[in-house]
Amino acid sequence: MNAAIGGTRIGKFKDGGRRYDIRARLLSPQRERPEDINGLYVRSSKGGMVRLSDLVRIEQEPTLQAITRKDRERAITIFANVTPGASQSDAIASAQTIARQVLPDGYRAIPSGSSQAFKESFDSLKFAFILGIIVAYMVLAAQFNAFTHPLTVLLALPFSLSGALLMLWIFGQSLNVYSMLGLILLMGIAKKNSIMLVDFTNQIRERGVERHEAIMQACPIRLRPILMTSLATIAGAIPPALALGAGAETQRPMAITLIGGMVVSTLLTLLVVPAAYSILDDMVNWNTERQRRGEGFWVGLTGLRNGRRPAPPSAPETTTV
């Protein structure tokens, strides 16, 4: 049957320096219709010839001309474009929701192509963002030789994120790969204001100045360098935010993210960081006093709730000769 319908190669010949296959099969009028198969003969186990129509029944059913597979499973690929103004992540999430509702048991929808690359890129950027925060805390803890001051510095990050997301919403931008890169860049820039403020406050306190007085001195002195660096960063991000020039639309979400985060973090850092510095310092003093009295954590916390405030750190004793 294979030789009669599909043909089989029985030899080769050369002509004009080229080699051609010789295939033997039935003529076109003898093999074009499904009924032509019934007229073929096959050999039985006893060596006789039997007409194929006496052995089989031919039925025609529609089927696929090609079967595609992915991960050893049958797969059908659906291509689509995102509507202008819509978010690709929202489109993928909606498609997944619809697929779970309409697909029967045994079928599932898997992102592939650009959708899969988008998901993998977003997961990688999220991991980089979280890892950046952890590494920043470790570096700041080594720099300040304390576990509380890095928390004060990193308080600027939530305000910068809120400002960046607000600016993206105002300008109609989505949270895409470029805006995520802007958030990672913002994470490294926004905390420099807090670092300058906390570090200078610690330097003043090392001279023997009381904590509240050190904060009141550090904030006005560090106001000008904080504003200068922040305004320089914002000014540098304005041209790409305006999307001037060819290909600038890919840089616009990153620039808008940077501008919004810097504006909000700069304004709130000058208010929140000094307050957080004072509160965390009170917590450190309370913990030091609790350990000096030999109290457990929950016992000391109960005493704090009852109104017993931690004693301020005593000044070092000096001996006059």
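About the thresholds
- Residues numbered from 1 in each chain as written.
- Predicted model: local features only at pLDDT ≥ 70, side-chain atom pairs only at ≥ 80, totals over all residues.
- Heavy atoms only, no water.
- Core = buried A, V, L, I, M, F, W, Y, C linked by side-chain atoms within 4.5 Å.
- Buried < 20%, exposed > 50% of the residue type's maximum accessible area, 1.4 Å probe, protein only.
- Helix = DSSP H or I, 4+ residues; strand = E, 2+ residues; numbered from the N terminus.
- Contact = heavy atoms within 4.5 Å.
- Phe/Tyr/Trp six-rings, centres within 6.5 Å; stacked < 30°, edge-to-face > 60°.
- Lys NZ or Arg CZ within 6 Å of the ring centre and 35° of its normal.
- Patch = residues over 30% accessible without salt bridge, like charges linked within 9 Å, V, L, I, M, F, W, Y side chains within 5 Å.
- Areas by Shrake-Rupley, 256 points an atom, 1.4 Å probe, with all protein chains shown as cover.
- Salt bridge = Lys/Arg side-chain N within 4 Å of Asp/Glu carboxyl O.
- Pairing = 2+ DSSP bridges.
- Axes fitted to C-alpha atoms, helices over the stretch in contact; angles between N-to-C directions.
- Parallel < 35°, antiparallel > 145°, perpendicular 65-115°, else oblique.
- Nonpolar A, V, L, I, M, F, W, Y, C, P; charged D, E, K, R; others polar.
- Expected span 1.5 Å × (residues − 1).
- Arc of directions from axis to C-beta.
- Left-handed = near helix turned anticlockwise from the far one by under 90°.

Colleague: Got a minute to help me understand the nonpolar core in this structure?
Modeller: The tendency in soluble globular proteins is for nonpolar side chains to be buried as a group. By size, the foremost hydrophobic cluster in this structure holds 36 residues, and its most contacted members are Leu186 and Val198. When residues of this core are traced back to their parent elements, those giving at least two are helix H3 (114-144), helix H4 (149-154), helix H5 (156-170), helix H6 (177-206), helix H7 (211-241) and helix H8 (252-293). Examining the composition of this core, we find that 9 residues originate from one element, H6, more than from any other. Those residues in contact with Leu186 that sit more than four places away from it in its chain are Ser160, Ala164, Thr257, Leu258, Gly261 and Met262.

Colleague: Honestly, the packing of aromatic side chains in this entry has me stumped. Any pointers?
Modeller: Ring pairs (aromatic) are described by centroid distance and by the angle formed between their planes. The final tally for this structure, using the stated rule, is 1 aromatic pair. Judged by centre distance (5.4 Å) and plane angle (25 degrees), the ring pair of Phe13 and Tyr20 falls under stacked. Under the relative-accessibility criterion, Tyr20 is labelled partly exposed at 35%. Over the face of the ring belonging to Phe200 we find Arg222, whose NZ or CZ atom lies 4.5 Å from the ring centre.

Colleague: Hey, could you run me through a nonpolar patch on the surface in this one?
Modeller: On the surface, Ile10, Phe13, Tyr20 and Ile22 cluster together to form a nonpolar patch covering roughly 370 Å² of accessible area. Secondary-structure elements contributing two or more residues to the nonpolar patch are strand S1 (8-15) and strand S2 (18-24). The class of Ile10 is exposed, set by a relative accessible area of 59%.

Colleague: Any chance you could explain the pattern of salt bridges here in plain terms?
Modeller: Where charged atoms of side chains with opposite charge meet at close range, the side chains can pair. Within this structure, the stated rule accounts for 6 salt bridges. Its salt-bridge partner being Arg9, residue Asp21 comes within 3.9 Å of it at the nearest N-O pair. Of this pair, Asp21 sits in strand S2 while Arg9 is found in strand S1, placing the two residues 12 residues apart along the sequence. Of the charged contacts in the structure, one is a salt bridge between Glu73 and Arg108, with a shortest N-O distance of 2.9 Å. Within this pair, whereas Glu73 is found in strand S6 (residues 73-74), its partner Arg108 is found in the loop between helix H2 (88-102) and H3, the two being separated by 35 residues in sequence. The class for Glu73 is partly exposed, based on a relative accessible area of 38%. The network of salt bridges with shared partners includes Arg205, Arg211 and Asp281.

Colleague: Quick question: what am I supposed to make of the pairing of S1 here?
Modeller: Put simply, side chains in a regular strand alternate between the two faces of the sheet. Bridging between S1 and S2 involves 7 bridges; their strand directions are antiparallel. Bridge pairing links Arg9 to Arg23 in S2. Here S1 folds back onto S2 in antiparallel fashion, the turn holding 2 residues, of which Gly16 has a positive phi close to 65 degrees.

Colleague: For this particular structure, what's the right way to read the packing of H3 against H6?
Modeller: Helix packing for two helices is described by the angle between their axes and how far apart those axes are. Where H3 meets H6, the axes come as close as 10 Å, and the angle between the chain directions of the two elements is 10 degrees. Between H3 and H6, the angle is such that the two are roughly parallel. Each of Ser121, Phe122, Leu125, Lys126, Ala128, Phe129, Gly132, Ile133, Ala136, Leu140, Gln143 and Phe144 in H3 lies in contact with H6, whose residues at this interface are Val177, Met180, Leu181, Leu183, Ile184, Met187, Lys191, Ile195, Val198, Asp199 and Asn202. Here the contact of H3 with H6 is composed, by residue class, of 16 nonpolar, 4 polar and 3 charged.

Colleague: Would you explain H5 in this entry?
Modeller: Spacing of three or four residues puts side chains on the same side of an α-helix, whose turn is 3.6 residues. Taking 1.5 Å as the rise per residue, H5 with 15 residues should run 21 Å; its terminal C-alpha atoms sit 21 Å apart, in good agreement. Here H5 has its buried residues at Ala156, Leu157, Ser160, Gly163, Ala164 and Leu168. Buried residues of H5 fall within an arc of 135 degrees about the axis and therefore sit on the same side. Along H5, the residues that are exposed and aim more than 90 degrees away from the buried face are Trp169 and Ile170.

Colleague: Even after reading the chapter, I still don't get the side chain of Thr201, so can you show me in this structure?
Modeller: The residue Thr201 is located in helix H6 in this model. Under the relative-accessibility criterion, Thr201 is labelled buried at 3%. Dropping the residues within four chain positions of it, Thr201 is found in contact with Ala214, Ile215, Ala218 and Tyr277.

Colleague: Looking at this model, I keep getting lost on the side chain of Thr152. Mind explaining?
Modeller: With respect to the secondary-structure elements, Thr152 resides in helix H4. For Thr152, a relative accessible area of 1% puts it in the buried group. Among residues more than four places away in sequence, those in contact with Thr152 are Ser194, Val198, Val273, Ala276, Tyr277 and Leu280.

Colleague: Whenever I open this one, the packing of H5 against H6 confuses me. Can you help?
Modeller: Close contact between H5 and H6 brings their axes to 9 Å; oriented N to C, the two are set at 140 degrees. Comparing their axes, H6 and H5 come out oblique. The interaxial crossing formed by H5 with H6 has right-handed handedness. Facing Ala156, Leu157, Ser160, Leu161, Ala164 and Leu168 of H5, the residues of H6 in contact are Ser179, Leu183, Leu186, Met187, Ala190 and Ser194. The class makeup of the residues in the contact of H5 with H6 is 9 nonpolar, 3 polar and no charged.

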